[in-house]
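If you want the building blocks of each chain, they are given just below.
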Amino acid sequence: MTDSAALAGVMGWPIHHSLSPRLHGWWLQHYGIKGHYVPLPVAPEKLEQALRALPALGFAGCNVTVPHKENAFALMDRHGATAARIGSVNTVVVEADGSLTGHSTDGIGFTNSLRQEAPGFIPGKVMLLGAGGAARAVVDALQQLGATEIRLVNRTQERAEQVATELGGVTVVNWAERSEALREVNLVINSTSLGLIGQPPLDLDFSPLPADAVAYDIVYNPLETAFLKQAAAVGARTVSGIGMLLHQAAPGFASWFGTTPEVTPELRQHVLAGLTP
Ligand code: ATR
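Residues numbered from 1 in each chain as written. Predicted model: local features only at pLDDT ≥ 70, side-chain atom pairs only at ≥ 80, totals over all residues. Heavy atoms only, no water.

Asks: Explain the overall build of the chain to me, using residue names and the numbers behind them.
Replies: A count of helices and strands for the chain gives 10 helices and 12 strands. Principal-axis analysis of the C-alpha atoms places the extent of the chain at approximately 60 × 40 × 35 Å. Out of the 277 residues in the chain, the part that is buried amounts to 51%. Here the analysis covers contacts within the chain between residues at least 6 apart in sequence; of these, 68% occur between residues at least 24 apart. Looking at the chain as shown, the accessible area adds up to about 12,500 Å², and 52% of this sits on carbon and sulfur atoms. Across the chain, 18 positive and 24 negative side-chain charges occur, with their mean positions spaced 2 Å apart. (Helix = DSSP H or I, 4+ residues; strand = E, 2+ residues; numbered from the N terminus. Buried < 20%, exposed > 50% of the residue type's maximum accessible area, 1.4 Å probe, protein only. Contact = heavy atoms within 4.5 Å. Areas by Shrake-Rupley, 256 points an atom, 1.4 Å probe, with all protein chains shown as cover. Lys, Arg positive; Asp, Glu negative; His and termini not counted. Charge placed at Lys NZ, Arg CZ, Asp CG, Glu CD.)

What follows is the structure, encoded as C-alpha cells:
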C-alpha cells in the first residue's frame, strides 16, 4: 500500500449518464477517504486495452457497465463464484500481482435491496420478465434465496430458453400468457427496459397478482414506474430499482477503498438528485 489516493472508475460506452461516480463520490466524502472514482468512456474495441492498463495506471479496479459486462467476463484472469455462474462481470479488482479478478454484484444488489426494502420477505413462486444480463443476475440471486419456482417470460422466447438452459431451475412461460402467470406468485420482477424514461410502458394486467405479493422493478428512472403503480393498485408492496444500483456498488467500494459502505436514505437522496429526467 502507498499513501497515494486510491483510484477506481466505471467503464462504459456511453458513460456520461452513469450515476456511479456520484454514488461512489458520496461515499468517499462521507467516509473521508482519499480516493477518486471517475467515468471512463471506453469503446467496445478498446475494452481489453483499457482493462489491461488498470494496474499500470494505479487503479485498484473498476466497474464495467453496458455494453461491456459479458466481454469483460472473457478478459478476466479469474472470476468470483457468481460471475462464473452467470457469465457476466460488473466489478473488476486489480490484485497485488496486477492480475484481474471479475465479480458480478448485480445479484447481491438485488438481494440486499429486497432485504432492506421488504424486510422478512421470502421469495416463493416468482415471475420474472426479461432475459438480458440483468435477468441472469436476478435468476441466480433468486436461486440463492431459495425461490420455489421461477417463471421466466420474455418477448423473444428463445432468449428465455437460453437462460433456462444455462442457469437451470427456470420455467419458461409464453409472453402472451404473462398476466395469467401472475397467479399464485409472491414476487413479480421487471428486468426489461420497458417503463424506462423514453421507452413504452410494460403492458401487463395485474389483476391475477395476489394482494400480498411484492413487485420489484429494476428500472429506477422514473423512480415510480407504471409497473409499480399498477402493482400498488392491486395491493402489492413495491420496490424500485434504485436500491439495486446502490447495493451492487458496495462490494466494489469495499474492495478498492477498504471500507464497507452503508446504503442510507441520505445516499439514496443524493443519487436520485442526479437523475436526468
Ligand atoms: P440488460 O442486459 O440490461 O438486461 P438487454 O440484454 O438489452 O439488457 O435486455 C433488455 C430486455 O428488455 C430483454 O428482455 C428485452 O426483450 P427481448 O429479449 O425480446 O429483446 C426486453 N425488451 C426491450 N424492449 C422490449 C419491448 N418493446 N417489448 C418487450 N420486451 C422488451
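That was the structure; now back to the text.
Asks: Before we move on, can you summarise the packing of aromatic side chains with the specific residues and values?
Replies: Scanning the model with the defined rule gives 7 aromatic pairs in all. Both rings, one in Tyr 31 and one in Phe 253, keep their centres 6.5 Å apart while their planes meet at 45°; by these two values the pair is tilted. Remark: Phe 253 occurs in helix 9 (residues 242-257) and Tyr 31 occurs in the loop between helix 1 (20-30) and strand 2 (35-41); sequence separation between them is 222 residues. Classification of Tyr 31 by relative accessible area gives partly exposed; the value is 28%. Taking relative accessible area as the criterion, Phe 253 reaches 0% and is therefore assigned buried. Joined through ring pairs, the aromatic side chains of Trp 27, Tyr 31, Tyr 37, Phe 253, Trp 256 and Phe 257 make up one cluster. Stacked on the ring of Trp 175, the Lys or Arg Arg 178 has its end atom at 4.3 Å from the ring centre. (Phe/Tyr/Trp six-rings, centres within 6.5 Å; stacked < 30°, edge-to-face > 60°. Lys NZ or Arg CZ within 6 Å of the ring centre and 35° of its normal.)

Asks: Could you give me a rundown of helix 10 (residues 265-272), with the residues and numbers involved?
Replies: An α-helix turns once per 3.6 residues; consequently, residues spaced three or four apart project the same way. Taken together, the buried positions of helix 10 are occupied by Leu 267, Val 271 and Leu 272. Across the axial projection of helix 10, the buried residues extend over an arc of 125°, all falling on one side. Those residues of helix 10 that are exposed and angled more than 90 degrees off the buried face are Pro 265 and Gln 269. Where helix 10 is buried, its residues contact helix 1 and helix 9. (Arc of directions from axis to C-beta.)

Asks: If you had to explain the pattern of salt bridges to someone new, which residues and values would you point to?
Replies: Tallied over the full model, the rule gives 10 salt bridges. Between Asp 77 and Arg 52 there is a salt bridge whose closest N-O contact spans 3.2 Å. One end of the pair, Asp 77, is in the loop between helix 3 (69-75) and strand 4 (78-79); the other, Arg 52, is in helix 2 (residues 47-57), with 25 residues separating them in the sequence. The partly exposed category is assigned to Arg 52, whose relative accessible area is 39%. Where Glu 166 meets Arg 136, a salt bridge forms, and the shortest distance between an N and an O atom there is 2.6 Å. Taken together, the residues span a long stretch of sequence, with Glu 166 in helix 7 (residues 157-167) and Arg 136 in helix 6 (residues 133-144) at a distance of 30 residues. The class for Glu 166 is partly exposed, based on a relative accessible area of 47%. Classification of Arg 136 as buried rests on a relative accessible area of 11%. (Salt bridge = Lys/Arg side-chain N within 4 Å of Asp/Glu carboxyl O.)

Asks: So, the nonpolar core: which residues are in play, and what are the values?
Replies: Core analysis: the biggest nonpolar cluster contains 29 residues, and Phe 110, Leu 114, Leu 142, Leu 187, Ile 189 and Tyr 216 have the highest contact counts within it. The set of elements that each furnish at least two residues to this core consists of helix 5 (106-117), strand 7 (125-129), helix 6, strand 8 (149-153), helix 7, strand 10 (187-190) and strand 11 (214-217). Top element by residues in this core is helix 6. It accounts for 6 residues. (Core = buried A, V, L, I, M, F, W, Y, C linked by side-chain atoms within 4.5 Å.)

Any functional reading would require information that these geometric values do not contain.
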